[in-house]
Every structure is written in structure tokens, then in C-alpha cells.
Amino acid sequence: MTPSRPTEARALWITAPRRVALRTEPLRPAANSLHLRALWSGISRGTESLVFNDRVPPEEHAGMAGPNQGGRLPYPVKYGYALVAQVESPGPLQGETVFCLHPHQDRTALPPDAVIPLPAGLPPARAVLAANMETALNITWDAGIAPGDRVTVAGAGVVGALVAHLAARIPGTEVTLTDIAPGRATLAAALGAGFALAGAAPGNADVAINASASGEALAALIAGAGPEARIVEASWYGARSVTLPLGGAFHAGRLQIVSSQVGRIPPARAPRWDFRRRLTKALALLADDRLDALISGESDFDDLPADYARILDDPATLCHRVRY
């Protein structure tokens, strides 16, 4: 006899500005869906904080919609995009551990093409970093970092730290990760990069990347870039505006400022890469024990309503892991 499948799931919903709740909802799987039991999910502090604090501009509500999102921005909305689960459906993937772009939820049902099996040797608890690694990979492509380049990365959050980690693996690069928190020096060292306090990175950078969501950091990167250098703005400011010094070093040095956003694959790779190939590669790039340094805390799913605001408000949060 085939065991009965769950017909309900519990999910974290943002119900109003700075308010969350666990809601029970029916599971209505389409034909041929895979039934998944969550093992872990990861809280992406930057993006989820914007949603939690109602800082997504109305004109960006549609563009900010996440895969498998429930509800609509601004509220109520079920938001998040880093879920690691086990396949319970009979078939070739039964028992496999997979990653999917999905909000925080204990069970779900998705089509087979919406999940990617974890590569051998990748601990499921680390795989919650996959969406952040995918973003970092896209930023690294947009930056065009080459062997021997002097690279400055501003912002030692998860994405900035992953960019620095990837850049430091390119032969001959001199990578400096900067942050306002001196304690991030330990993280930079663990990931193979140098460290400097914000605004104090070595000058004459070939490539500079802002992952700090700070206009002041972007201005410092402009001041420290070499002539004709590329500056990549990888932050998303939501409803905030920034002021930049576009005279002096920027204008005279013929600097470039380019935007990087994970929703599109860079044009030079788009003919060969699709989102699935990119996410598969991101999972493979997580097979490095040093990346466990990016997990800054852990909560039980049942405790998430009580913990969520504290996690997002704490500047020390990197990737906070949710245990199911």
C-alpha cells in the first residue's frame, strides 16, 4: 500500500511590516510533482530585510517576486529562496537531497525541473548558501576579473564574502575585502582574501565591487579605482537613493560603473548558460569547508516567528540557517 502523502504544509509569512507568522496551508501538487520534506533553509538578510521592513518600491514589486512566492508584495507574502529538502516521491529521485528556490516551508511539491540534486560531498546544511553563491558567481562574471588583477570588494556580508572567495581563487589576484566591522577580518582570512576597514583598501584597483548597499562605500571604491577600471554595483538599495562623486577621479579616470543583478545572465554567457546550469555550478562551488564560516547562527523552524526580527536586525548576521 502506498503511504498517504501530506496534504498540508506550514510556511513563514510576512503578514505586515515587521510581523511574521507560521501559517498552515493546503498542498495542491500538480501532476508529476515531487513531494519534498524540508531539511534546511537559509535566511538572506539583505533581501528579506527589505521585504520585512517594507522597503521594496511599489514599482519593483513584480520584479522582486521570488520563485514559488506565496501572496504578493508588499503583504501578506511568503518570501525566501534557499530551501534544501529530501524527495519523498517514488521514482528515480526518491531519497535524494535537493536544492530549490523556495520560501521557508516545511513541506512542498514542485516539478522535477525546479529542483537540483546536491553534488556528492556537499553537506545539505551548507547547501543553503546556493542562491547566494549563484549571485556571487554572476557578479564575478560581470566584473570580468582576470588573473593578476587587484580587486577590492566592499561589504563582507554573505554575497560580498563569496565574491571575494571566488576572486581569490583566480591565479595571481590580490583581493581585499572591506567592511565597517573590524571583526570581519577573520572571515576574510578564512576565505583566502585580505582585509581592510571600509575606505582603507589599497588604491589603483583593477576591479572594484560594491556589495555593501552603501553609497559611501561606492564613493570610496570610485576614489580607489585605477584609471579605466571597472566598478560593479552589486547592491540593491530598495527605496533608498545614494549620492555619488562623479567628478574628479571618476570623470578624469574614465571609470565604468556597471550593475550586476542575478535575474539575468551576463550577455557574453547567455548563449550557452541558463539558470539551471548556473545554479548547478553554484552548488558545486560550495564544496569547500571554509564556507561554513558564513553560517552565523541557526534556529528551529518552530522558533522562527520569535527569532526572525532579531536575525534580520543584527548586523552580525551572515547566513542564518533554519532547521526543520
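Above this text you will find the structure in question.
About the criteria used
As a convention, each chain's residues are numbered from 1 in the sequence order in which they are written. With the structure being a predicted model, the display of local features is reserved for residues of pLDDT at least 70 and the display and counting of side-chain atom pairs for 80 or more, all residues being used for whole-chain, interface and lining totals. Neither water nor hydrogens contribute to the side-chain values; these are computed over all heavy atoms in the structure. Runs of E in the DSSP output that reach at least two residues are strands. Runs of H or I that reach at least four are helices, and both are numbered from the N terminus. Here the radius of gyration uses the C-alpha set of atoms, whereas the globule reference equals 2.2 Å times the residue count to the power 0.38. The buried label applies to any residue whose accessible area, calculated with a 1.4 Å probe on protein chains only, is under 20% of its type's maximum; exposed applies above 50%, and partly exposed to all values in between. Accessibility throughout is a Shrake-Rupley quantity obtained with a 1.4 Å probe, and a residue counts as covered only by protein chains that appear here. Positive charges come from Lys and Arg, negative ones from Asp and Glu, while His and the chain ends are left out of the count. To locate a charge, take atom NZ for lysine, CZ for arginine, CG for aspartate or CD for glutamate. With axes taken as lines fitted to C-alpha atoms, and helix axes fitted only over the stretch in contact, angles between N-to-C directions fall between 0 and 180 degrees. When describing relative orientation, an angle under 35 degrees is termed roughly parallel and one over 145 degrees roughly antiparallel, while 65 to 115 degrees is termed roughly perpendicular and anything else oblique. By convention the crossing between two helices is left-handed if the near helix lies anticlockwise of the far one by an angle smaller than a right angle, and right-handed if it lies clockwise. The contact criterion used is simple: two residues touch if any of their non-hydrogen atoms lie within 4.5 Å. For this classification, Asp, Glu, Lys and Arg are treated as charged, while Ala, Val, Leu, Ile, Met, Phe, Trp, Tyr, Cys and Pro are nonpolar and the rest, including Gly, are polar. Directions are taken from the helix axis to each C-beta atom, and the arc is the one they span. Working definition: a ring pair exists when centres of Phe, Tyr or Trp rings (six-membered ring for Trp) sit within 6.5 Å. Plane angles under 30 degrees give stacked, over 60 give edge-to-face, the rest tilted. Cation placement over rings: the criterion is NZ of Lys or CZ of Arg within 6 Å of the ring centroid and within 35° of the ring normal. Only strands joined by at least two bridges in the DSSP assignment are considered to pair.

J.: Help me out: how do you make sense of the overall build of the protein chain in this one?
T.: Looking only at helices and strands, the protein chain has eight helices and 17 strands in total. In terms of overall dimensions, the protein chain is globule-like: its C-alpha atoms have a radius of gyration of 20 Å, near the 20 Å expected for 324 residues. Dimensions of the protein chain, computed from C-alpha atoms along their principal axes, come out at roughly 75 × 40 × 35 Å. Counting only residues that meet the buried cut, the protein chain has 49% of its 324 residues in that class. When the accessible area of the protein chain is evaluated, it comes to approximately 14700 Å², of which 52% is carbon and sulfur surface. Here the protein chain carries 30 positive and 30 negative side-chain charges, and the mean point of each set is 3 Å from the other.

J.: What is the right way to read the packing of helix α2 (residues 130–143) against helix α3 (residues 158–168) from this model?
T.: How two helices sit against one another is set out by the angle between their axes and by the gap between those axes. Between α2 and α3, the least distance of the axes is 9 Å, while the angle of their chain directions is 55 degrees. Between α2 and α3, the crossing angle belongs to the class labelled oblique. Pair α2 / α3 crosses with right-handed handedness. Residues Asn 132, Met 133, Thr 135, Ala 136, Leu 137, Ile 139 and Thr 140 of α2 form the contact with α3, whose own contacting residues are Val 158, Val 159, Leu 162, Val 163 and Leu 166. Looking at the contact of α2 with α3, its residues break down into nine nonpolar, three polar and no charged.

J.: Would you take a moment to explain helix α8 (residues 304–313) for this structure?
T.: Given 3.6 residues to a turn, an α-helix orients residues that are three or four positions apart in the same direction. Taken together, the buried positions of α8 are Leu 304, Asp 307, Tyr 308, Ile 311 and Leu 312. An end-on view of α8 places all buried positions within 125 degrees of arc, on one side of the element. Considering only its buried residues, α8 is in contact with β1 (8–16), β2 (19–26), β3 (34–44), α1 (45–52), β16 (295–300) and β17 (319–323).

J.: Which parts of the structure should I look at to understand the side chain of Asp 179?
T.: By the secondary structure assignment, Asp 179 is in strand β11 (residues 174–179). Once residues lying within four places of it in the same chain are set aside, the contact partners of Asp 179 are Gly 155, Ala 156, Gly 157, Arg 184, Phe 195, Ala 196, Leu 197 and Ala 198.

J.: What should I look at first to understand unusual backbone geometry in this one?
T.: In most cases, non-glycine residues show a negative phi, while peptide bonds are predominantly trans. Along the chain, Leu 73 connects to Pro 74 via a cis peptide bond; the corresponding omega equals 5 degrees. In this fold, Pro 74 is placed in the loop between β4 (70–71) and β5 (77–78). That bond from Tyr 75 to Pro 76 is cis: its omega, -15 degrees, falls within 30 degrees of zero. Here Pro 76 is to be found in the loop between β4 and β5. Positive phi, close to 55 degrees, is recorded for Asp 54, a residue that is not glycine. As for its placement among the helices and strands, Asp 54 is situated in the loop between α1 and β4. One non-glycine residue, Ala 213, lies in the positive phi region at around 55 degrees. We classify Ala 213 as partly exposed; its relative accessible area is 28%.

J.: I tried to follow the packing of aromatic side chains on my own but got confused; where do I start?
T.: Using the criterion set out here, one finds four aromatic pairs in the structure. Relative to Trp 273, the ring of Trp 141 lies with its centre 4.8 Å away and its plane at 65 degrees, an arrangement referred to as edge-to-face. Separated by 132 residues along the polypeptide, Trp 141 in helix α2 and Trp 273 in the loop between β15 (256–259) and α7 (275–285) bring together distant segments of the chain. Each member of the pair, Trp 141 together with Trp 273, is buried. When the ring centre of Trp 273 is taken as origin, the NZ or CZ atom of Arg 277, which lies over that ring, is 3.6 Å away. Here Arg 321 stacks its cationic end above the ring of Trp 40, 5.0 Å away from the centre of that ring.

J.: Whenever I open this one, the sheet that holds strand β13 (residues 205–210) confuses me. Can you help?
T.: Adjacent strands of a sheet form backbone hydrogen bonds with each other and so pair up, either parallel or antiparallel. Read from one edge to the other, the open sheet built from six strands follows the order β12-β11-β10-β13-β14-β15, with strand pairing classed as parallel. Unpaired on one side and paired on the other, β12 (194–197) and β15 mark the two borders of the sheet. Adjacent strand axes in the sheet meet at a mean angle of 20 degrees when their direction is disregarded. In this structure, strand β10 (residues 150–154) lies alongside β13, joined through four bridges in parallel fashion. Counterpart to Val 151 in the pairing with β13 is Val 207. The strands that helix α5 (residues 215–224) touches are β10, β13, β14 (225–233) and β15; relative to β14, the one it contacts most, it runs at about 155 degrees.

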